[in-house]
Each structure stands twice: as C-alpha cells, then as structure tokens.
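# Geometric and topological summary
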Amino acid sequence: MINLAIRVSAILIWTVCTFGFLGGAFVWREDLPSGLYNRYTLTMYKTLPPPPKGPSYCNFLDIGSYGLALPCNLKPPFVGWLQGGRY
C-alpha cells in the first residue's frame, strides 16, 4: 500500500513538473464589479515579459475561476529564450 502511495505521488509530481517545464500555467480569474476581470497566470518562468513581447497563454481547461493554460503557439518559453527572446 505504501508503494502505491509513493508511485502515485511520484507520477503527480512529475506530471506537474513536466507541465510547467513545457510552458504550462495555472490561471485564476478575479471578477471585478465593472464586469471585467483580472487574470493571474502562475508559471515556472518568473521573468517572462507580458504579451505582446512575451508569450500569450490560452486556457484549455476551465473550472470556475481556475484553469490550466498553455502558450497559444504551443512553443515552450525556454525555446524563445534560446532564440534570443523571440517568443
């Protein structure tokens, strides 16, 4: 039983790490009284510039005001860094 818990934990940790390395982001949205919203994007890459200079993110899974997102061009941010900042 403990081996199963260790394996499940390892799979979950590696899945989250791989998702983040490939540019995945955790997103949450705060609705404002004006009808607009603030969108917060949490990625592994802390120094990414915001769009249009940096990559833009598109949600692929929304659950309420939370979601998962990937770069819209599906190119991981580290590839942009390797190309001299062309995201």
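Here we summarise the structure given alongside this text. The structure presented is a predicted model; accordingly, all values stated were derived computationally and were not measured. (Residues numbered from 1 in each chain as written. Predicted model: local features only at pLDDT ≥ 70, side-chain atom pairs only at ≥ 80, totals over all residues. Heavy atoms only, no water.)

### Concerning the nonpolar core
As a reminder of what qualifies: Working definition of a nonpolar core: buried Ala, Val, Leu, Ile, Met, Phe, Trp, Tyr and Cys residues. They are joined through side-chain atoms within 4.5 Å. Relative accessibility under 20% of the residue-type maximum defines a buried residue, over 50% an exposed one, and the middle range a partly exposed one, all with a 1.4 Å probe and only protein chains included. Note on definitions: a residue-residue contact is assigned when non-hydrogen atoms from the two residues lie within 4.5 Å.
With 6 residues, the main nonpolar core is built from A25, V27, Y45, L48, Y57 and A69. Setting aside anything within four residues of it in sequence, one finds Y57 in contact with G23, A25, R39, T41, T43, L48, A69, L70, P71, C72 and P77.

### What about the state of the cysteines?
Our working definition: Any cysteine sulfur atom paired with another within 2.5 Å is treated as part of a disulfide. Only runs of H or I of at least four residues qualify as helices and only runs of E of at least two qualify as strands under DSSP, and these elements are numbered from the N terminus.
Across all of its chains, the model carries 1 disulfide by this definition. A sulfur-sulfur distance of 1.8 Å marks the disulfide that ties C58 to C72. Its S-S torsion of approximately 100 degrees makes the covalent link between C58 and C72 right-handed. One end of the pair, C58, is in strand 3 (residues 57-63); the other, C72, is in the loop between strand 4 (66-71) and helix 2 (77-82), and 14 residues separate them in sequence.

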